[in-house]
Amino acid sequence: MKRRSFIETTITGLAGTSLLGGTVDRSLRGNINHSVCKWCYPEFSVDELAKASAAMGLKSVELLEPHEWPALEPYRLVCAMSMGPIIDGKDRLTDGFNEISNHQWLIPMYIERIREVAEAGYDRLICFSGNRRGMDDATGLDNCVVGLKSIISVAQEHGITLCMELLNSKVSHPDYMCDYTSWGVELCKRLDSDHFKLLYDIFHMQVMEGDVIRTIRDNHQYIGHYHTAGNPGRNEIDHTQELNYPAIMRAIVDTGFTGYVGQEFIPTRTPMISLFEAVRLCDI
């Protein structure tokens, strides 16, 4: 209760709203659909994070499992990017579509998850390439095409867009295959479907290739979702890091993007204050 009281006091002071009362701060401009990734706030329940997010004017809490979705309903939030399925003994990020042997479980599980996402009224589902493990990029690309083509038609039937996340292999996810925008764009071109796009993680691509704004402008038609974080460190997106987020958000809006931008930084200070400040910084 002390923590909940502190959160309420914090948000009331910053946003002029009541967290526990559920009043929404409507001061956001509306050019960006704001979301937040739950895994960055392990000390908060989904309910607590949803309540705080709604009070700040966010529209989504994302990267949730199906059993967590109902916690969003009282706050009229959505899960803008749903978590993909996994089986015991496998890892979501490292065991992906680039390995043919994974298709035997990935394909049926993704088909089922697509149906679950659609039934919940959501429209984005994350997926991953997997690690190289000695595989060359061309073979991994071919294998991803084979596996993803098996589920794209189901995604289209249910109005779901699969989004493969771009991650850096330099610092955070060694050996991950989908680590350059050019590789992900080629996969999009090969699949040639409006129901497959990239999750462009600004932090990860700053680490790998930089030139973020130009890349977004040149490839925006292949991007279905964005994530944020400060670089270096993957922490707050304030003056302590090198990315100019207001400029990046303007570039995103200028492309005509109408999807979601998910805050995915790991807070090092008071979490809800950091989230509030990040949303306002990105709300151009």
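Residues numbered from 1 in each chain as written. Predicted model: local features only at pLDDT ≥ 70, side-chain atom pairs only at ≥ 80, totals over all residues. Heavy atoms only, no water.

K.L.:
Hey, could you run me through the confidence of the model for the protein in this one?
P.N.:
Interpretation of the predicted coordinates at a detailed level should be avoided for regions scoring low in pLDDT. For the protein, mean pLDDT is 93; residues scoring 70 or higher make up 91% of the total. The low-confidence segment residues 14–25, where pLDDT is below 50, has 34 contacts with residues more than four positions distant or belonging to other chains. (pLDDT = per-residue confidence, 0-100. Contact = heavy atoms within 4.5 Å.)

K.L.:
Which parts of the structure should I look at to understand the sheet that holds strand 3 (residues 124–127)?
P.N.:
In a beta sheet, neighbouring strands are held together by backbone hydrogen bonds and run either parallel or antiparallel to one another. Strand order in this open sheet of 7 strands is 2-1-7-6-5-4-3, and the pairing throughout is parallel. Only two strands of the sheet have a single neighbouring strand rather than two, namely strand 2 (60–62) and strand 3. Within the sheet, the average angular offset between the axes of one strand and its neighbour, ignoring direction, is 30 degrees. Both strand 5 (residues 196–201) and strand 6 (residues 223–228) contribute to a ladder of 4 bridges, which runs parallel. Across the sheet, the residue bridging to Tyr-200 is Tyr-226, located in strand 6. (Pairing = 2+ DSSP bridges. Helix = DSSP H or I, 4+ residues; strand = E, 2+ residues; numbered from the N terminus. Axes fitted to C-alpha atoms, helices over the stretch in contact; angles between N-to-C directions.)

K.L.:
Would you mind showing me how to read the side chain of Ser-82 here?
P.N.:
Relative to the elements of secondary structure, Ser-82 occurs in the loop between strand 2 and helix 3 (103–120). The class of Ser-82 is buried, set by a relative accessible area of 0%. If we ignore the near neighbours within four places in the chain, the residues touching Ser-82 are Leu-64, Trp-69, Val-117, Tyr-122, Arg-124, Leu-125 and Ile-126. (Buried < 20%, exposed > 50% of the residue type's maximum accessible area, 1.4 Å probe, protein only.)

K.L.:
Looking at this structure, I do not really get the packing of aromatic side chains. What am I missing?
P.N.:
Centre distance and the angle of the planes are the two values used to describe a pair of aromatic rings. Throughout the structure, instances matching the rule amount to 5 aromatic pairs. Where Trp-69 meets Tyr-122, the ring centres are 5.3 Å apart and the plane angle is 90 degrees; that geometry is what we call edge-to-face. With Trp-69 in the loop between strand 2 and helix 3 and Tyr-122 in the loop between helix 3 and strand 3, this pair connects stretches of sequence that are 53 residues apart. Neither Trp-69 nor Tyr-122 differs from the other in exposure class; each is buried. Put simply, the rings of Tyr-200, Tyr-226 and Phe-257 touch in pairs and so form one group of aromatic residues. (Phe/Tyr/Trp six-rings, centres within 6.5 Å; stacked < 30°, edge-to-face > 60°.)

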